[in-house]
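# A structural walkthrough
Here is how the chains run, residue by residue.
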Amino acid sequence: MPVTRFAPSPTGPLHIGHAHSALFARQMAAGGTMLLRLEDIDITRCRPEYAAAIEADLAWLGLACPVPVRRQSEHFAEYRQALERLIARGLAYPCFCTRAQLAAAMAAPHAGEPAYPGTCRTLAPAERAERIAGGAAHGWRLDVAAALAETGPLTWRDLDHGVIAAAPLECGDVLIARKDIPASYHLAVTWDDALQGVELVTRGADLFAATHIHRLLQALLDLAVPAWRHHPLLLDAQGRRFAKRDRAR
Ligand code: GLU
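What counts as what
Residues numbered from 1 in each chain as written. Predicted model: local features only at pLDDT ≥ 70, side-chain atom pairs only at ≥ 80, totals over all residues. Heavy atoms only, no water. Pairing = 2+ DSSP bridges. Helix = DSSP H or I, 4+ residues; strand = E, 2+ residues; numbered from the N terminus. Axes fitted to C-alpha atoms, helices over the stretch in contact; angles between N-to-C directions. Parallel < 35°, antiparallel > 145°, perpendicular 65-115°, else oblique. Left-handed = near helix turned anticlockwise from the far one by under 90°. Contact = heavy atoms within 4.5 Å. Nonpolar A, V, L, I, M, F, W, Y, C, P; charged D, E, K, R; others polar. Expected span 1.5 Å × (residues − 1). Buried < 20%, exposed > 50% of the residue type's maximum accessible area, 1.4 Å probe, protein only. Arc of directions from axis to C-beta.

## Digging into the sheet that holds strand E3 (residues 70-71)
- Here we have 3 strands laid out as an open sheet, ordered E1-E2-E3, and parallel in their pairing. Where the open sheet ends on each side, the last strands, each with one partner, are strand E1 (3-6) and E3.
- Pairing of strand E2 (residues 33-38) with E3 involves 2 bridges; the strand directions are parallel. Note that in E3 the partner of leucine 38 across the bridge is arginine 71.

## What to know about the packing of helix H6 (residues 144-151) against helix H8 (residues 210-220)
- As a packed pair, H6 and H8 sit with axes 10 Å apart at the nearest point and diverge in direction by 55°. When the axis of H6 is compared with that of H8, the two are oblique. Crossing of H6 over H8 shows left-handed handedness. In contact with Val144, Ala147, Leu148, Glu150 and Thr151 of H6, H8 contributes Ile213, Leu216, Ala219 and Leu220.
- Of the residues contributing to the contact of H6 with H8, the split by class is 7 nonpolar, 1 polar and 1 charged.

## So, helix H3 (residues 76-88)
- Taking 1.5 Å per residue, 13 residues should reach 18 Å; H3 reaches 18 Å between its end C-alpha atoms and fits that length.
- Turning to H3, its buried residues are Phe76, Tyr79, Ala82, Leu83 and Leu86. Along the axis of H3, the buried positions cluster into a sector of 125°, meaning they face one direction only. More than 90 degrees from the buried face of H3, the exposed residues found are Ala77, Gln81 and Ala88.
- On the buried face of H3, the contacting elements are E3, strand E4 (92-95), strand E5 (139-142), strand E8 (175-177), helix H7 (185-195) and H8.

## Some remarks on the sheet that holds E4
- Spatial ordering of the open sheet is given by E4-E5-E8, a layout of 3 strands whose pairing is antiparallel. The sheet is open, and its two borders are formed by E4 and E8, each paired with just one other strand. Averaged over neighbouring strand pairs, the angle between their axes works out to 45° when direction is ignored.
- Note: E4 against E5, 4 bridges, orientation antiparallel. The residue of E5 that forms the bridge with proline 94 is tryptophan 140.

Next up, the structure:
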């Protein structure tokens, strides 16, 4: 009877794909507990009325979750501490790239997903310090190769695919803190799943690759390691994913 969770971002009303994901989390809990977590670190896009609507919709679906519900926007200090641990160990570096620079760098053909090409990884420490002192906007990226050198090879377990060799290098040096927020999805989700005692992480197959990074972050931050199960995404009659931006049903 594991603890599972449903972790939507309140950037719009739930669509039928979310209902599927929440039902999946409840079924996988199999009489255990499904937690709701509101992943609202993007304070520019998340709104309290969407958060309230999510809770109301889950109740309507018969999928109400225990309260209080964890809201990530209330826990930035915790994520900052985790981030600072990684910075202090030399496993994270500041990234000053603008959106336009990133788009140009990632436009070059690349096998698989576009990954950050490491532009800011090679900046000299003095230059980093000077730019930060000058107030340059910066996020923080995980130095995946340096991190892996510390942890050594890692594995994780997916209930459908068995034991998987973690391949975080394929994801590139992901952001672990955004310019405006001392966290990113990867850092906050990993931290919270451990903090909330989640034993089985259930989510859509679109996040399968992100699990490589989450496994690495768990090893770096000495966090408990859950199992994972990734459900197929629901598709509409045209074969497209349901998406909030399309105002999906
Ligand atoms: N907050 C993410 C989303 O709405 C899901 C994260 C997860 O389940 O790990 O897509």
